[in-house]
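Chains, contacts and geometry: an overview
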Amino acid sequence: MKTLQDFNFENKRALIRVDFNVPLNEAFEVTDSTRIQSAKPTIIKVLEDGGSCVLMSHLGRPKGVQEEFSLKHIENAIEDIIGVEVKVASDCVGEDVEALANNLKPGEILLLENLRFHKEETAGDKDFAEKLSRLGDIYVNDAFGTAHRAHASTTVVAEFFPENKCFGSLLAQEIESIDKVMKTGDKPVLAVLGGAKVSSKITIIENILDKVDHLIIGGGMTFTFIKAQGGSIGDSICEDDKMELALDILKQAKEKNVKIHLPVDVLAANAFSNDADTQIMDVTAIPDGWQGLDAGPKSKAIFDEVVNQCKTILWNGPLGVFEMESFANGTIELGNSIAEATKNGAFSLVGGGDSVAAVKQFGFENKVSYVSTGGGAMLESLEGKTLPGIAAIMA
Ligand code: AMP
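Note that the coordinates shown come from a computational prediction; the quantities given were computed from them, not determined experimentally.

Between side chains of opposite charge, pairing is possible as soon as their charged atoms come close. Per the counting criterion, the structure on display carries 15 salt bridges. Glu-98 is the salt-bridge partner of Arg-134, the closest N and O atoms lying 3.1 Å from each other. A residue pair is termed long-range when its members are at least 10 positions apart, and Arg-134 in the loop between helix H5 (126-133) and strand S5 (138-141) and Glu-98 in helix H3 (residues 95-102) qualify at 36 residues. Of the residues examined, Arg-134 reaches a relative accessible area of 38% and is grouped as partly exposed. Residue classification places Glu-98 among the buried residues on the basis of a relative accessible area of 18%. Measuring nitrogen to oxygen at the nearest pair gives 2.8 Å for the salt bridge that ties Arg-134 to Glu-130. Connected via shared salt-bridge partners are Glu-98, Glu-130 and Arg-134.

Taken together, 16 residues are adjacent to the ligand, and Ala-196, Lys-201, Gly-292, Glu-323 and Asp-354 come closest. Here a nitrogen atom of the ligand and a backbone polar atom of Gly-292 are 3.0 Å apart. Relative to its unbound accessible area of 510 Å², the ligand is 81% covered by the protein chains. Counted by class, the shell around the ligand contains six nonpolar, seven polar and three charged residues.

Another point: the pairing of strand S14 (residues 291-295). Of all five residues in S14, five are buried, a share of seventy percent or more. As judged from the four bridges shared by strand S11 (residues 265-269) and S14, these two strands associate in the antiparallel manner. Following the sheet pairing, Leu-267 is matched in S14 by Asp-294.

Two quantities define a packed helix pair, namely the angle between the axes and the distance from one axis to the other. The contact between helix H10 (residues 297-309) and helix H11 (residues 329-343) brings their axes to 9 Å, and the two run at 25 degrees. In terms of orientation, H10 lies roughly parallel with respect to H11. Crossing hand, H10 versus H11: right-handed. Residues Lys-300, Asp-304, Val-307 and Asn-308 of H10 pack against Asn-329, Gly-330, Glu-333, Leu-334, Ser-337, Ile-338, Glu-340 and Ala-341 of H11.

With that out of the way, let us pick up a negative patch on the surface. Taken together, the side chains of Glu-206, Glu-244, Asp-248 and Glu-255 define an acidic patch exposed on the protein surface. If you tally residues by element for the negative patch, the top one is helix H9 (residues 243-255), at three residues. Relative to the elements of secondary structure, Glu-206 occurs in helix H7 (residues 202-208).

How each quantity is defined
Residues numbered from 1 in each chain as written. Predicted model: local features only at pLDDT ≥ 70, side-chain atom pairs only at ≥ 80, totals over all residues. Heavy atoms only, no water. Salt bridge = Lys/Arg side-chain N within 4 Å of Asp/Glu carboxyl O. Helix = DSSP H or I, 4+ residues; strand = E, 2+ residues; numbered from the N terminus. Buried < 20%, exposed > 50% of the residue type's maximum accessible area, 1.4 Å probe, protein only. Near = heavy atom within 4 Å. Polar contact = N/O pair within 3.5 Å; in protein donor to acceptor, adjacent residues only side chain to side chain. Areas by Shrake-Rupley, 256 points an atom, 1.4 Å probe, with all protein chains shown as cover. Nonpolar A, V, L, I, M, F, W, Y, C, P; charged D, E, K, R; others polar. Pairing = 2+ DSSP bridges. Axes fitted to C-alpha atoms, helices over the stretch in contact; angles between N-to-C directions. Parallel < 35°, antiparallel > 145°, perpendicular 65-115°, else oblique. Left-handed = near helix turned anticlockwise from the far one by under 90°. Contact = heavy atoms within 4.5 Å. Patch = residues over 30% accessible without salt bridge, like charges linked within 9 Å, V, L, I, M, F, W, Y side chains within 5 Å. Lys, Arg positive; Asp, Glu negative; His and termini not counted. Charge placed at Lys NZ, Arg CZ, Asp CG, Glu CD.

Right, dumping it as structure tokens:
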């Protein structure tokens, strides 16, 4: 696995694929600069070596050239974070851009215009990738958020740098974190999978059964498993057509010696509302008119004990409807348990959509070992897929 440390960038132009797909407000100001912050170590390494950076990214989903998706909106945010003046190109390919890239001096940064202003980007067009490749001497991929896409700038362009290509430090960290959970982490290994639906997590569950010692299943997924085993779940969310599958997962887990932990009690409500009446109930005895919306106290205690036995922990998906304050406590307490285990030496990785939002919302970001920056890319990695952007650098 080639990383930044394998190269000296002195007098070289690094063509860096970053993920600067950041949220903007109505005044086109960056409202969350995490993704720019995350790319900083890679950019600084190149500049400190005495090289220059050509940064390329997409922003949003433009249809052709649309001013509101211009990367010039984020020029100031990059300058503030990196502390270096940024030159902004009016396109991402073409003679004018090549001239700008050729004239870059050590220590300078050139930001290309939105890659997705050209439809060739998402089409993975080879000619377009070749034009991009003219802008740098070494290709660096640091965009985990798009590593599951075989686009021109994330995958195809790597072909034009057979020797001179590597992972940026963010992407390298993402790969190492996933490898710890999937291959190299200390045992016992635990995965906590929550969220709404079994159907969206099934490939992950099946893949992860070969890697973990313990699996906590929580959130809305719980009820498909409980009903499949004969429990009464009232009006709780359930995918009846996935009950067979749930039983099969339980059987597979037994055969593979994976201990599955489901909630034993829930905080149930008489409506899907923050102000509903609530009651703690046995997870197998929820009457009609009631639905389980968070983990109950016994479940939280069991999960805490499991988390604190484990040395490697993956967390994907909330344990309840955390967006409503009344049903956020199970997710918060799980975060506390994982923070505690991490303090005591466990490695913890949080990844995939809503769990990242929950971790940020409840302030656990700095209390876990690593929070993944990629939603879809993280989920596909956990499903065991080889991401095209990663394969292209390994080739
Ligand atoms: P996912 O994107 O699959 O990780 O699902 C996240 C969503 O699951 C969040 O919006 C939660 O509100 C929802 N969720 C978690 N627990 C429950 C539950 N018991 N009933 C309904 N929705 C839930």
